[in-house]
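Below are the chains, spelled out letter by letter.
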Amino acid sequence: MTMKEQQSSTSKGKKTGEKIKIKLSKLQNEKKKMTTQDKDNMIWWLTFGGVLLLTAATRLYKIEEPDHVCWDETHFGKMGSWYINHTFFFDVHPPLGKILIGLSGKLTGYNGTFPFNKPGDKYGDHNYIGMRLFCVTLGALIVPFSFLIVWEMTHSLTAALLGASFIMFDVGVLTLSQYILLDPILKFFIIGSVLGMVRFSTKKNRPFSFSWWFWLVWTGVFLACSISVKFVGLFVILLVGVHTVIDLWELLGNLDISMVHILKHFIARVLCLIILPGLLYTLFFYIHLHILYKSGTGDGFFSSAFQSQLEGNSLYHANMPREVAYGAVITLKSHRTGGGYLHSHWHLYPEGVGARQQQVTAYSHKDDNNKWLIKKFDDQVHPSSNKIELVKSGDLIRLEHLVTTRNIHSHREVAPVTKRHQQVTCYGENGTGDANDVWKVEVVGGADGEVLTTVKSKLRFIHYLTGCALHSHSKQLPKWGFEQMEVTCNPNVRDKNNIWNVEDNIFPLLPNVSFEVYAPSFLERFFESHAVMFQGNSGLKPKEGEVTSRPWQWPINFRGQFFSGHQYRIYLLGNPIIWWGNLVLMGVYLVAQGIIALRHQRGCLASSKVEDINSSMSHASKWLFLAWSLHYFPFYGMGRILYFHHYFPALLFSCMLSGVILDYLLSVIPYALPWNLGVSFYHWLLGTVLAGLAYSFYLFSPLSYGMEGPPSSSPNSTMYGLRWLESWEF
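What counts as what
Residues numbered from 1 in each chain as written. Predicted model: local features only at pLDDT ≥ 70, side-chain atom pairs only at ≥ 80, totals over all residues. Heavy atoms only, no water. Helix = DSSP H or I, 4+ residues; strand = E, 2+ residues; numbered from the N terminus. Expected span 1.5 Å × (residues − 1). Buried < 20%, exposed > 50% of the residue type's maximum accessible area, 1.4 Å probe, protein only. Axes fitted to C-alpha atoms, helices over the stretch in contact; angles between N-to-C directions. Parallel < 35°, antiparallel > 145°, perpendicular 65-115°, else oblique. Left-handed = near helix turned anticlockwise from the far one by under 90°. Contact = heavy atoms within 4.5 Å. Pairing = 2+ DSSP bridges. Disulfide = S-S within 2.5 Å. 1 Å grid on protein atoms, 1.4 Å probe; cavity = no way out; pocket = protein on both sides within 12 Å on 5 of 7 lines; lining within 4 Å. Points joined across faces, edges and corners; volume = space filled by probe spheres on them. Nonpolar A, V, L, I, M, F, W, Y, C, P; charged D, E, K, R; others polar. Phe/Tyr/Trp six-rings, centres within 6.5 Å; stacked < 30°, edge-to-face > 60°. Lys NZ or Arg CZ within 6 Å of the ring centre and 35° of its normal.

Chemist: Sorry if this is basic, but what is going on with helix α7 (residues 183-201) here?
Modeler: Given 3.6 residues per turn, any residue in an α-helix points the same way as the ones three and four places further on. With 19 residues, α7 should cover 27 Å at 1.5 Å per step; its first-to-last C-alpha distance of 27 Å lies within 8% of that length. Along α7, 17 of the 19 residues are buried, which leaves the element largely enclosed by surrounding structure.

Here it is in structure tokens:
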């Protein structure tokens, strides 16, 4: 071998050796990288598992206590029973939450026989635990869902842990999760909707893949369920709607994507976020109306035609005369949606409220005080029982209250609530009264001489001497009128609330006909259900002596709500460390966001690492702040009665925002302090925050798990010294 060949061989050997070294180095780096990734994955799963275990432990502890009805279990437990028994009822909320409560009770052995009369009633041998377990399971899932939301938004394990901990260690969230209520179900679907939204946004680089479609459909399903539990689910729909519009706007600005592709994105979102939720929402109402086919307490809130479909109702497969004759015993129902029956009782109007004569009201429930005898105007006694004379539009009539035998009457005295209207009373004795008892009956849209028909005829009753019309609306009388709806005589005879219809028509001398012809379709019942619910919501006003709250009181944890009293006391109140910390950290966010925006505007950029931290914080926080705002500020515009528990959906987003901001502050500390001190301070502060949250939970947990023994004002009480505000009533 020549010298030249030897040198060439040596050179090749060196190059080969260098290549091998490079490959070995790459393999070692990849191995280290894989080891680090595996370690990070293990830490993530250990943290997530710890959150799951702690959540389950705090939620399931004492789930069977107290063994009596607490707070609104009175309502929603009773409604679950009605689903099991197929008994129709009226509620101001959509049906899904109550359907699920009834289903959970049925599947766990509850037979639907417990009356749920009032808070404090002992459950005894009735199996109520299944319904509580169902609600607490959904309430518990809020915590891991929140963990995942913050993780997807920030990819910070610390932020996810802190956000979940703020929710997990709040005693108010715990209290609302442990009972048979709509609140845990509603919050589960709201947080599930947001989880779907953020998970879907992470799939934007894989459009139309299976996972992309899965999370889009997930979001649509949870949106439908949110608004199907309570109408405040609309707020999360607005949040997802804003997110979707911005997402599509960004796609439109991407010139690498064709308009056909953008149209596909648009259609996919319409299908999954509008059409699918709409169909599911309608399906839930179909199930609701299909299950509740028996007559119940809610019949009177609905139209006569609606009631004709309820088994056991007087109109179900009804056989009664089609025409109305003099001498018939009838009931008159206000034709407006949610209207009551013309009603009277023995009680008189109080002193100083018009004439002190017998009260006339509108009442939503059926009873004998709703029955009236229809007579000719000049017939002062009961009509002959063997004569048939039909009532026609234009006739002058009297209506005698069947129970008290007094005639419905009006005069020029002001009505008790609506002062521009005239008072309506019952007057006379044994059917004998005076000229102020005479009314002219008119068929709306009909000619004089047209015969009055049951259910179908829309009627006005015009007072003969003063010309006003018998009127009913949703305004309630004070306690002396049993908070029933006011009935007046309205000078505006064309008001739509002056219209009535005959519902029951009892007259043996006329042939009966079937009322199947009046049966409404599903869509008619669907729309009527909504009209009644909207009206019921707007009419929710505080009862005398009832403790309510205003939205400004909620974030500051001003006053709680009693869940249970007497020997075993439960009080809904937020953990003050968490609630007041949320307010402070929200203020920090607004200041920090303002400073970041100002620095960017002036071109004062920090290091790339800090800019990445700022960008991640800003992206997550703006959506969580928007979610909090949408679930909080609309309550300022609501006229209905409000309670403390209405704030809790907003609280969840406030807690997640606090987790993100705390993580942000902890992340920028190493860049403000010497490295070693910064890392040490980071771990010390993180540990202090988590320990403080856990300890504050321990201190205030008796509010959720039950306080026994002496009151909190006693030095022997476990809660002595923790009543930091005078407005806290525990």
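Moving on from the coordinates now.
Chemist: What should I look at first to understand the packing of helix α4 (residues 129-154) against helix α5 (residues 157-168) in this one?
Modeler: Packed helix pairs are characterised by how far apart their axes lie and by the angle those axes make with each other. Packing of α4 against α5 leaves a shortest axis separation of 8 Å and a crossing angle of 150 degrees. Comparing the axis directions of α4 and α5 gives the class roughly antiparallel. Once α4 is placed against α5, the crossing between them reads as right-handed. Judged by residue contacts, I142, V143, S146, F147, V150, W151 and T154 of α4 engage L157, A159, A160, L161, A164, I167 and M168 from α5.

Chemist: How do you make sense of the pairing of strand β2 (residues 329-334) when you look at a structure like this?
Modeler: Moving residue by residue along a regular strand, the side chains alternate between the two faces of the sheet. Burial runs high along β2: six of the six residues are buried. Burial along β2 is two-sided: the residues V329, T331 and K333 and I330, L332 and S334 are all buried. Pairing of β2 with strand β5 (residues 371-376) involves three bridges; the strand directions are antiparallel. In the strand pairing of β5, I330 is matched with W372.

Chemist: How do you make sense of the state of the cysteines when you look at a structure like this?
Modeler: In the structure shown here, the tally under the stated rule is one disulfide. Shown here is the disulfide that connects C468 with C489, its sulfur atoms set 2.0 Å apart. Torsion about the S-S bond of the C468 and C489 cystine: about 95 degrees, corresponding to right-handed handedness. Here C489 lies in strand β12 (residues 485-490) and C468 lies in the loop between β10 (459-463) and β11 (469-476), a separation of 21 residues in the sequence.

Chemist: I'm lost on empty space enclosed by the protein in this one. Help?
Modeler: One way to see where empty space is left: roll a probe the size of a water molecule over the atoms. Applying the stated rule across the entire model yields four cavities of 30 Å³ or more. For the lining of the largest cavity, the elements supplying multiple residues, two or more each, are α10 (259-291) and α12 (522-538). Of the residues that constitute the lining of the largest cavity, the class distribution is nine nonpolar, three polar and two charged. What lines the second largest cavity is simply D183, L186, I190, K230, V232, F235, H631, F635, H645, H646 and P649. A per-element tally of the lining of the second largest cavity places α7 first, with three residues. By residue class, the composition of the lining of the second largest cavity is six nonpolar, three polar and two charged.

Chemist: Explain the packing of aromatic side chains to me, please; I cannot follow it from the model alone.
Modeler: Aromatic ring pairs are described here by two measures, namely the spacing of the ring centres and the angle between the planes. Enumeration over the complete set of coordinates arrives at 69 aromatic pairs. Ring centres 6.3 Å apart and planes at 80 degrees place the aromatic pair Y281 and F526 in the edge-to-face group. With Y281 in helix α10 and F526 in helix α12, this pair connects stretches of sequence that are 245 residues apart. Residues Y281 and F526 agree in their burial class; the two are buried. The side chain of K376 reaches across the aromatic face of Y326, ending 6.0 Å from its centre. A cation sits over an aromatic face here: R525 above F306, 4.7 Å from the ring centre.

As far as function goes, none of this settles anything; it's purely spatial.
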